[in-house]
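Take a look at the letters that make up each chain.
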Amino acid sequence: MNLIYTAVLVASGAVVPFVRPLPSGGDALHDETELVRDAIAGQRSAQHALYVRHYDRVHTRIARLLGRSSEVDDVLQDTFVAAFRDLETLGDATRFGSWVCGIAVHQVHRRLRRRHLLSRLGFVRGPDEPTLHHAVDPKAGPETQLLVKQLDEAILLLAPRQRLAWILRYVEGCQLEEVAEHCKTSLSTTKRDLAHAEAHLNAWFDNGSKHAG
Amino acid sequence: MQVNDHSRVLDQLELPQPLAKVLTPDANASRQAHNWQRITQRIDGGAPGSRRMDWRLASVCLMATLVGTTALWFTQADPQNAMILAPVRPVGAAPVAQDVDPFVSSFEPAKGELRLVDGTEFKRLLVDDPLTSETRVTFEDASSITATAANTLVDALALTDRDVILRLAHGAIDVHVIKGGTRKWVIEAGELRVEVIGTRFSLSRSTTRVAVSVLEGVVLVRSPRLADGVERLTPGQHRELTIAASTSLEPGAEQLLQSADAARKAGNLPLAKQRLERLVSAFPTDALSGVAAFQRAVVMQQMGMPPGRLVGAFEAALRRARGHSLRQDCYWRLILALEASGNTEGARIQAQRALREYPDSRYAKEFQHRVRPVAPNPTSP
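Thresholds, definitions, all that
Residues numbered from 1 in each chain as written. Chains lettered and ligands numbered in written order. Predicted model: local features only at pLDDT ≥ 70, side-chain atom pairs only at ≥ 80, totals over all residues. Heavy atoms only, no water. Helix = DSSP H or I, 4+ residues; strand = E, 2+ residues; numbered from the N terminus. Buried < 20%, exposed > 50% of the residue type's maximum accessible area, 1.4 Å probe, protein only. Contact = heavy atoms within 4.5 Å. Areas by Shrake-Rupley, 256 points an atom, 1.4 Å probe, with all protein chains shown as cover. Patch = residues over 30% accessible without salt bridge, like charges linked within 9 Å, V, L, I, M, F, W, Y side chains within 5 Å. Salt bridge = Lys/Arg side-chain N within 4 Å of Asp/Glu carboxyl O. Core = buried A, V, L, I, M, F, W, Y, C linked by side-chain atoms within 4.5 Å. Expected span 1.5 Å × (residues − 1). Axes fitted to C-alpha atoms, helices over the stretch in contact; angles between N-to-C directions. Parallel < 35°, antiparallel > 145°, perpendicular 65-115°, else oblique. Left-handed = near helix turned anticlockwise from the far one by under 90°. Nonpolar A, V, L, I, M, F, W, Y, C, P; charged D, E, K, R; others polar.

**Q** Help me out: how do you make sense of the overall build of chain A in this one?
**A** Per the secondary structure count, chain A includes 10 helices and 0 strands. Sequence-ordered secondary structure for chain A, helices as α and strands as β, is α-α-α-α-α-α-α-α-α-α. Evaluated residue by residue, chain A yields a buried proportion of 48% over its 213 residues. Look at the contacts in chain A between residues 6 or more apart in sequence, and 63% of them connect residues 24 or more apart. Split by element, the accessible area of chain A, about 10200 Å² in all, is 57% carbon and sulfur.

See the structure below:
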């Protein structure tokens, strides 16, 4: 009877049921620190919570950098396995997201270098898959889709490290220091890679071939 | 070294919106659980990592190749017993063996009927409007079918532990069959049948044509209208069959542009030119007609047509071009064609117009060079 009475009060708005407030930014960071600590201790639920929390970001980053979607899942699995294996080396637990993205970039770079080697040996079939065109919003106009497709053709011609640096900087919006950290290079090397990438892309478009394909 | 906050390349492309706003998030929620399962297996030591699997499979492949080559040399093996997809088989014949990609990182044996990722049975994909309907179905082995056009209908004919047989009644689909599986996929599309194992390809069917384009892997296409009834397509290849019909639906502008692009890449420049001209005449107000007109002029240039004709072609492209970036390219190519035809005054006039319209163009320096009057030589009499 008490339960029914309570339900009636709630339904009438006389009583507002207690709702756990959403965590503020500070709570989320504290939460993440706890999750990292529990994950280091081997708690599967904590590892899963971290995985779910950062899955979208890591998956999107890998897909934007790698292109060939049949390998994205492999790289994502490699990334999280490496992250949970080396989690003790993460100094600042609040930086887990950025740190795991850095592992993902490193894994992508290894894949691109290995793909380059295998293609020279004739073991890799088919061209690299566009990295950005498949992610264009279908509602974008046909000209936008064409321009991004042509941008993809130009990007695929860049060396692996230049490609990674350019996409991280100008598509993902990473700061220079973050790009250098993810690519495991010095800041000056990253700047050089970006400048070379811009120069190559400019030269590619200046040949007028972007509209001719 | 100074690095800009913005990419000059992206600035010059002049996308209607920033690139970040045009791109949608890429995460595939349906794969999240599958990936977590694999991760936990590897953490617990139950499944090998992708890297170790690559080398193991590569070694097995190498051994198999050596054994197979030796056996072939000694016994002159019957091609029908070869462990590859036979290129010539009568239409409707049962498939032979399966082609396993030795560089695939995971290999999942089929178990029972193939179901969707949520465990339900797949019967049909019907998409009226891709903007308002769910366009993709994902299977439990992560293979997927995505409708890419309005009015698309795909029926399931058979889903077993060995075969997935679907029928594309009409419309267009992108198909992604995960590598490493042991099911053979067959998509019936009227005049044409597509057989695949691990691949990505696009298939479209209308009342007037059926077309398949391969992005990844190998595809077998069967049709009584093909030579020997079958053709093997590899990435980048495209096969199209037209269907005679009394009333036909015209292919859209996008399809014409794609087919022109395919013809150009196949080296058939006259066919590419013809398709681009058809696009321009059939869709004069479409946003793609400007791009098509420009591509037509470039194809004419590649065909070695005289500069006088190229001038007319690039002028026509400039009249149709709408996008800023495209118009700048049109101006530049037109100026070069005018100069090649000996019309330097015409080139100067176009350079003036281009500078007026795009004072900050990436070709600004070249335009200014042609507009600046040549200073008289002070030493000449």
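Text resumes after the structure shown.
**Q** Even after reading the chapter, I still don't get a nonpolar patch on the surface, so can you show me in this structure?
**A** A surface patch of nonpolar side chains, about 330 Å² in accessible area, is lined by Leu62, Met63 and Leu66 of chain B. Note on placement: Leu62 of chain B falls in helix α4 (residues 50–75).

**Q** Teacher, can you tell me more about the pattern of salt bridges here?
**A** A side chain of one charge can pair with a side chain of the opposite charge if their charged atoms are brought near each other. Residues and elements named next belong to chain B. For the structure shown, the criterion picks out 29 salt bridges over all chains. Among the ionic pairs, Arg124 bridges to Asp155, the shortest N-O distance being 2.8 Å. Residue Arg124 is located in strand β1 (residues 124–127), and its partner Asp155 is located in strand β4 (residues 152–159); the two are separated by 31 residues in the primary sequence. The class for Asp155 is buried, based on a relative accessible area of 10%. With its nearest N and O atoms 2.9 Å apart, the salt bridge here joins Arg167 to Asp155.

**Q** Sorry, what's going on with the nonpolar core here?
**A** Within soluble globular proteins, side chains that are nonpolar generally end up buried alongside one another. Grouped together as the largest cluster of nonpolar side chains are 67 residues, with contacts concentrated most on Ile62, Phe96, Leu151 and Trp166 of chain A together with Leu19 of chain B. When residues no more than four places from it in sequence are discounted, the contact partners of Phe96 of chain A are Glu32, Val36, Leu50, His54, Phe84, Leu87 and Leu90 of chain A. Of all hydrophobic cores here, the second largest spans 42 residues; its members include Leu146 of chain A together with Met300, Met305 and Ala364 of chain B.

**Q** Can you walk me through helix α8 (residues 307–320) of chain B in this structure?
**A** Residue and element names in this part refer to chain B. When the terminal C-alpha atoms of α8 are compared, their 20 Å separation across 14 residues agrees well with the 20 Å that a helix rising 1.5 Å per residue should span. All of the buried residues in α8 are Leu310, Val311, Ala313, Phe314, Ala317 and Leu318. On its buried face, α8 sits against α7 (288–302), α9 (324–340) and α10 (344–357).

**Q** Help me understand the packing of α7 of chain B against α8 of chain B, please; the structure alone is not making it clear to me.
**A** For any two helices packed against each other, the geometry comes down to the angle between their axes and how far apart the axes lie. Residues and elements named next belong to chain B. For the pair α7 and α8, the least separation of the axes is 8 Å and the interaxial angle reads 165°. The angle between α7 and α8 places the two elements in the roughly antiparallel class. As α7 runs across α8, the sense of the crossing is left-handed. In this structure, α7 contributes Ser289, Gly290, Ala293, Phe294, Arg296, Ala297, Val298, Met300 and Gln301 to the contact, and α8 contributes Arg309, Leu310, Ala313, Phe314, Ala317 and Arg320. Residue composition of the contact of α7 with α8, grouped by class: 9 nonpolar, 3 polar and 3 charged.

**Q** In this structure, what is going on with the packing of helix α7 (residues 160–170) of chain A against helix α8 (residues 176–183) of chain A? I would like to understand it.
**A** All names here are of chain A. Put simply, α7 and α8 touch, their axes get as near as 10 Å, and they point 145° apart. For the pair α7 and α8, the sense of crossing is right-handed. Residue-level contacts link Leu164, Ala165, Leu168 and Arg169 of α7 to Leu176, Val179, His182 and Cys183 of α8. Classifying every residue of the contact of α7 with α8 gives 6 nonpolar, 1 polar and 1 charged.

In short, shape yes, function no, at least from these values alone.
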